[in-house]
Amino acid sequence: MTPSNFTRRLLYWLSVAAGLVLAIVPLPDWLDPVRPDLALLAVIYWILTSPRIAGLGYAWLAGLFLDVLRGMTLGQHALGFVLVAFLAHRAQLRMRMFPIPHQAAAVMLLLAVYHFVIFWTDGLTGHGYTGWNRWLPVLSGALLWPLIVAAGDTLTRRSR
Amino acid sequence: MVELSHDSRPIIGRGPPLGATFLTLALASIGLMVADTRYNQLAQVREWLSAAAYPVQVAVDLPFRAWDWLTGSFADRSRLRQENLELTARLRLANLQLQRFAALEDENRRLRDMRENSAGIADRVLVASILNVDLDPFRHRVLLDKGAADGVFKGQAVLDAEGIFGQVAQVHAETAEVILISDAEHAIPVQSNRSGLRTIAVGTGDSNQLSLPFVTVESDLKAGDLLISTGIGGVFPRGYPVAEVTRVERTPAATFALVDARPTARLDRNREVLLVWFNPPAAPLEPAPDPAASTAAAPSAAPATQPAAAPAPASAATGEAAPATATTPEAPR
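These figures come from a predicted structure and were not determined experimentally.

Reading the values: the criteria
- Residues numbered from 1 in each chain as written.
- Chains lettered and ligands numbered in written order.
- Predicted model: local features only at pLDDT ≥ 70, side-chain atom pairs only at ≥ 80, totals over all residues.
- Heavy atoms only, no water.
- Axes fitted to C-alpha atoms, helices over the stretch in contact; angles between N-to-C directions.
- Helix = DSSP H or I, 4+ residues; strand = E, 2+ residues; numbered from the N terminus.
- Left-handed = near helix turned anticlockwise from the far one by under 90°.
- Contact = heavy atoms within 4.5 Å.
- Nonpolar A, V, L, I, M, F, W, Y, C, P; charged D, E, K, R; others polar.
- Core = buried A, V, L, I, M, F, W, Y, C linked by side-chain atoms within 4.5 Å.
- Buried < 20%, exposed > 50% of the residue type's maximum accessible area, 1.4 Å probe, protein only.
- Parallel < 35°, antiparallel > 145°, perpendicular 65-115°, else oblique.
- Buried area = accessible area lost by both parts, 1.4 Å probe.
- Salt bridge = Lys/Arg side-chain N within 4 Å of Asp/Glu carboxyl O.
- Polar contact = N/O pair within 3.5 Å; in protein donor to acceptor, adjacent residues only side chain to side chain.
- Pairing = 2+ DSSP bridges.
- Phe/Tyr/Trp six-rings, centres within 6.5 Å; stacked < 30°, edge-to-face > 60°.

Peer 1: Account for the packing of helix α2 (residues 38–49) of chain A against helix α4 (residues 76–95) of chain A, naming residues and giving values.
Peer 2: All names here are of chain A. In contact at an axis separation of 9 Å, α2 and α4 are set at 35° when each is read in the N-to-C sense. For α2 against α4, the interelement crossing comes out right-handed. Residues Ala-39, Leu-40, Val-43, Ile-44, Ile-47 and Leu-48 of α2 touch α4, and the partners they reach there are Phe-81, Val-84, Ala-85, Ala-88, His-89, Gln-92 and Met-95. Residues of the contact of α2 with α4, tallied by class, amount to eleven nonpolar, two polar and no charged.

Put into structure tokens, the structure is as follows:
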């Protein structure tokens, strides 16, 4: 493993871990439903930029840890994370060619899939909340995507 | 023609194909979900994993706690003096009331002993503080900093200074997850302090509102009535305030009235809560005149003991609550 590969791997782990911590940081009530899924956005970013180090297993583990942090049914976020990671891997060659707004739209689609999985498994386990505002993170995540890309590119510029 | 593979991982040491990895992990997560919800097999696994999550949760909570401590320790002297004076005055007043209360409590216990139901009154409490951690925007759950190590158990009642707060839904080693009475999956048996009417208060997902879906149109309940806990079901101690009725809407054509209540506990603003230990009542509290009434009252209280059983309140209470409310006039407390 080259040193640059190692720093990249480290950055990947650190960014996903930071996303997980930010998933439970208290926010004001009006902002809470809009909270973007930063951990998932980080996973998508790394799959698009360095698919060789961002595999499915780590995405699954991150999802599982999110389940534990939030006290949800075990496996719920894990399933969403691994599905999104898989789709991102399959579409990765195309998606990295897209201009940023186009890419944000594709990310929005991935986030919608993720939230659909959560919504669906919520319903199956009897926690169904059907309000429209549970879909807000899809929008906020897509709007945040250009910033994620900018931040990620700044971080990895050195090791490129 | 050269075809690019979707799989852009290194060719050497690539491991199993992407699709196979995905399938394995997806099936693993589905298996986890089934084992967790249907069979409750994962208590031990969850405990280990939550031990790993604990440092993260504490780390998130720490800055907020530090800020509280800072603002507390740099409070200026005159404000502290003022506060001290106020507290002394309040303590004097409370002590005065307490002198009378001690005698009353004694008398009350004697009378209750005569009726052989002194159970259901809180006898030990533990102060716990809520960790500054957002679990889920759409579920009313909070994390306490006390867990199995402090003797907290699943289903334990949680109170604050103003009334009933919730119950423990999950216990970890150092933390415990509490489901608030306002959570849409929670139901608590209550009783009107004025008329003695017994019913169930169900959470709505709004921390300022409970709903009483099983009050018949002709039952004796009006806005301003205080609802207290009944102790039926054995989860909550008896006689603590739960909510105040804010709205009663009766449509003559309907079977049930539309009743809303506001929780007396400060569900969204509290930092400190009390974990309560008490002797759960062994049998149904009231020896009701006819056996049908006592069997009707018990299952209607059952949903509150199991917050996870979501469909229970609806299925159990629609049938049973109507006879239960009908019998209450014969069994005043």
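Peer 1: Quick rundown of the nonpolar core? Include the residues and the values.
Peer 2: With 63 residues, the main nonpolar core has Ile44(A), Leu56(A), Phe81(A) and Trp145(A) as its most contacted residues. Mapped onto this core, the elements with two or more residues apiece are α1 (3–22), α2, α3 (56–70), α4, α5 (100–124) and α6 (136–156) of chain A together with α1 (18–37) and α2 (43–73) of chain B. Once residues lying within four places of it in the same chain are set aside, the contact partners of Trp145(A) are Leu41(A), Ile44(A), Tyr45(A), Leu48(A), Ile100(A), Gln103(A), Ala104(A) and Val107(A). By size, the runner-up hydrophobic cluster in this structure holds 39 residues, among which are Val142(B), Leu144(B), Leu197(B) and Trp277(B).

Peer 1: Run through the packing of α4(A) against α1(B), naming residues and quoting values.
Peer 2: When two helices pack together, their arrangement is given by the angle between their axes and by how far apart the axes lie. Contact pair α4(A) / α1(B): the axes reach a minimum separation of 8 Å and the direction vectors enclose 165°. On the basis of the axis angle, α4(A) is roughly antiparallel to α1(B). Between α4(A) and α1(B) lies a crossing whose hand is left-handed. Within the contact between the two elements, α4(A) uses Gln76(A), Ala78(A), Leu79(A), Val82(A), Leu83(A), Phe86(A), His89(A) and Arg90(A) and α1(B) uses Leu18(B), Gly19(B), Phe22(B), Leu25(B), Ala26(B), Ser29(B), Ile30(B) and Met33(B). Of the residues contributing to the contact of α4(A) with α1(B), the split by class is eleven nonpolar, four polar and one charged.

Peer 1: I'd like a description of the interface of chain A and chain B, backed by residues and values.
Peer 2: Contact residues are listed per partner, giving 44 residues for chain A and 43 residues for chain B. Carbon and sulfur atoms make up 69% of the area that chain A and chain B hide from each other, which totals about 3900 Å². Across the chain A-chain B interface, the total number found is one salt bridge. The salt bridge partner of Arg139(B) is Asp122(A), with a shortest N-O separation of 3.0 Å. There are five residue pairs in polar contact (both at pLDDT 80 or more) connecting chain A and chain B. Elements with a contribution of two residues or more to the side of chain A that touches chain B: α3, α4 and α5 of chain A. Counting residues per element, the side of chain A that touches chain B draws most heavily on α4(A), at eleven residues. Tallied by class, the residues present in the side of chain A that touches chain B amount to 24 nonpolar, twelve polar and eight charged.

Peer 1: Provide a residue-level description of the sheet that holds strand β7 (residues 198–203) of chain B, including the pertinent values.
Peer 2: All names here are of chain B. Here six strands make up a closed barrel; going around it, the order is β6-β7-β8-β11-β10-β9 and the pairing antiparallel. As paired strands, strand β10 (residues 241–249) and strand β11 (residues 258–263) are joined by six bridges and run antiparallel to one another. Each bridged residue has a counterpart across the sheet, and for Arg-247 the counterpart in β11 is Asp-260.

Peer 1: Can you break down the packing of aromatic side chains residue by residue, with the values?
Peer 2: All names here are of chain A. Going through the model one piece at a time under the given rule, you end up with eight aromatic pairs over all chains. An angle of 85° between the planes, with centres 5.3 Å apart, marks the rings of Tyr-45 and Trp-46 as edge-to-face. Among the aromatic side chains, those forming a connected cluster through ring pairs are Tyr-12, Trp-13, Tyr-45, Trp-46 and Tyr-58.

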